[in-house]
Amino acid sequence: MKTLLLFAALAFAATAHAQFRMPNFDINKMVDTVKNVGKAVKEIDEPEEIAIGKDVASRLLGAAPLVADARLQRYVNQVGRWLAVQTERPDLPWQFGVLDSPNVNAFAVPGGTIFITRGLLERMRNEAELAGVLGHEIVHVLRKHHLKAIQKGAQSSLAGDAMSMALKDRAGPARDKLIAFGTEMYSRGLDKGDELEADRLGIVIAARAGYDAYGLPSVLQTLQAMSAQDSAIALMFKTHPAPGERLAALEAMQPTLDAYASRPQLADRFRAQARR
Ligand SMILES: [Zn+2]
């Protein structure tokens, strides 16, 4: 059994190595992959997606309000919207908010609302890192990761046609259940595959927007250096694969990362806008 596992590991290493040497990485091709998304959720149309997201966002905001700093919020929105217009859903009502929480986390809500905590922002060093994290969250929206998880979970917990009731009657008890389920999801987390996909494609979006592609890996290194005992990062560790595992999964992307590495990190602008 051990030999078999070792063999599998070697085979994987060989594949990773082959990808490592891939000479001409076509970033536009990868962005096209980002563009071909969002067809799988048939039952929930875009206005419903946006409405569900609004309800979930207001519950999340009830738990942690926005930082009362208009300049900071405007800055994070500018960076986020610049990233979002590089994607296939530029017309969603994208909005980005910094939550007044010392915890280290970021969330994407269906329909284009993205939150990042003050605790995570304080541990960043430049705008490329911010772009990497926002890029990751944008992918969750593009790929409808949360929407699909909410839909899947709600269908098993809401009997019969309660799901369509929840969509139709925005003030009824079925709707309440759906939104409660959607909010709870942020303490349970998504599938690991969704998180790793968000890392890969988030990096592509940040690179396409002109940033140093190492922004997200650099944040993952910061997270990796934090103690698992640190309560500020407990929820992030509970809901995401370990940072080391996420970094290892990105190794195959090294040629892309290197090709888009010596681009702006915008540390000065970040300090001027995001530090209070
Ligand atoms: Zn994520």
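Residues numbered from 1 in each chain as written. Predicted model: local features only at pLDDT ≥ 70, side-chain atom pairs only at ≥ 80, totals over all residues. Heavy atoms only, no water.

### A closer look at the overall build of the protein chain
The condition is simple: Runs of E in the DSSP output that reach at least two residues are strands. Runs of H or I that reach at least four are helices, and both are numbered from the N terminus. When a residue's accessible area, from a 1.4 Å probe over protein chains only, is under 20% of the maximum for its type it is buried; when over 50% it is exposed; and in between it is partly exposed. The contact criterion used throughout is that any non-hydrogen atoms of two residues lie within 4.5 Å. For the area figures, the Shrake-Rupley method with a 1.4 Å probe applies, and any residue is considered shielded solely by the protein chains shown.
When you go through the protein chain residue by residue, the secondary structure sums to 15 helices and three strands. Taken over 276 residues, the protein chain has a buried fraction of 51%. Long-range contacts, defined here as pairs at least 24 residues apart, represent 73% of the contacts in the protein chain between residues at least 6 apart. Total accessible area on the protein chain is roughly 13,400 Å²; 55% of this is exposed by carbon and sulfur atoms.

### A look at the packing of helix H3 (residues 46-63) against helix H9 (residues 173-188)
The criterion, for reference: Each axis is a line fitted through C-alpha atoms, taken for helices only over the stretch in contact, and angles between the N-to-C directions span 0 to 180 degrees. Working rule for angles: under 35 degrees goes down as roughly parallel, over 145 as roughly antiparallel, 65 to 115 as roughly perpendicular, anything else as oblique. Left-handed is the label given to a crossing in which the near helix is rotated counterclockwise from the far helix by less than a right angle, and right-handed is the label when the rotation is clockwise. Classification convention: Asp, Glu, Lys, Arg as charged; Ala, Val, Leu, Ile, Met, Phe, Trp, Tyr, Cys, Pro as nonpolar; all other residues, Gly among them, as polar.
Interhelical geometry of H3 versus H9 gives an angle of 60° and a closest axis separation of 9 Å. Relative to H9, H3 is oriented oblique. H9 is crossed by H3, and the crossing has right-handed handedness. Counted together, Ala51, Ile52, Asp55, Val56, Arg59 and Leu60 of H3 and Arg175, Asp176, Leu178, Ile179, Ala180, Gly182, Thr183 and Tyr186 of H9 form the full contact between these two elements. Here the residues of the contact of H3 with H9 are counted per class, giving eight nonpolar, two polar and four charged.

### Here's the deal with the pattern of salt bridges
Note the cut-off: Between Lys or Arg on one side and Asp or Glu on the other, a salt bridge is scored when a side-chain nitrogen of the former is within 4 Å of a carboxyl oxygen of the latter.
A full pass over the atoms with the stated rule returns 14 salt bridges. For Arg175, the salt bridge goes to Asp55, with nearest N and O atoms at 3.0 Å. One end of the pair, Arg175, is in helix H9; the other, Asp55, is in helix H3, and 120 residues separate them in sequence. The buried category is assigned to Arg175, whose relative accessible area is 2%. The partly exposed category is assigned to Asp55, whose relative accessible area is 26%. For Asp100, the salt bridge identified is with Arg118, shortest N-O distance 2.6 Å. With Asp100 in the loop between strand E1 (95-99) and strand E2 (106-109) and Arg118 in helix H5 (residues 118-122), this residue pair connects regions lying 18 residues apart in the sequence. On the basis of relative accessibility, which here comes to 35%, the residue Asp100 falls in the partly exposed class. Taken together, the shared-partner salt bridges in this structure form one network comprising Glu46, Glu49, Arg89 and Lys144.

### Re the sheet that holds E1
Quick note on the threshold: Here the rule is simple: two strands pair whenever DSSP picks up at least two bridges between them.
Strand order in the open sheet formed by three strands is E1-E3-E2, with mixed pairing between adjacent strands. This sheet does not close on itself; its edge strands, each paired only once, are E1 and E2. On average, each strand axis in the sheet is inclined to that of its neighbour by 15°, with strand direction left out of account. Two strands pair when backbone bridges link them, and E1 and strand E3 (residues 113-117) are joined in this way by five bridges, in the parallel orientation. Bridge pairing links Val98 to Ile116 in E3. Along the sheet, helix H6 (residues 127-142) makes contact with E1, E2 and E3, crossing E2 at roughly 30°.

### Concerning the packing of aromatic side chains
Convention followed: In this scheme Phe, Tyr and Trp rings, the latter by its six-membered ring, pair at centre separations within 6.5 Å, and the angle between planes marks the pair as stacked below 30 degrees, edge-to-face above 60, and tilted otherwise.
All told, the structure shown has three aromatic pairs when counted by the stated rule. Here the aromatic rings of Trp94 and Phe96 are separated by 6.3 Å at their centres, their planes lie at 15°, and the arrangement is stacked. Judged on exposure class, the residue Trp94 and its partner Phe96 are both buried. Judged by centre distance (5.8 Å) and plane angle (75°), the rings of Phe107 and Tyr186 are edge-to-face.

### Quick notes on the coordination of the zinc ion
Stated formally: For Na, K and Ca the donor cut-off is 3.2 Å, and for all other metals it is 2.8 Å, counting N, O and S atoms only; because water is absent from this set, sites may look incomplete.
For the zinc ion, every protein donor is listed as His136 (NE2), His140 (NE2) and Glu195 (OE), and the spread of their distances is 2.0 to 2.1 Å. Along the chain, the residues donating to the zinc ion fall in the pattern H-x3-H-x54-E. Taken together, the residues span about one helical turn, with His136 and His140 both in helix H6 at a distance of four residues. Under the relative-accessibility criterion, His136 is labelled buried at 3%. Residue classification places His140 among the buried residues on the basis of a relative accessible area of 3%.

### Here's the deal with the packing of H6 against helix H10 (residues 192-208)
Between H6 and H10, the shortest axis-to-axis distance is 7 Å and the interhelical angle comes to 120°. Taken together, the axes of H6 and H10 lie oblique to each other. For the crossing formed where H6 meets H10, the hand is right-handed. Of the residues in H10, those in contact with Ala131, Gly132, Gly135, His136, Ile138, Val139, His140 and Leu142 of H6 are Asp194, Glu195, Glu197, Ala198, Asp199, Leu201, Gly202, Ile205 and Ala206. Here the contact of H6 with H10 is composed, by residue class, of eight nonpolar, five polar and four charged.

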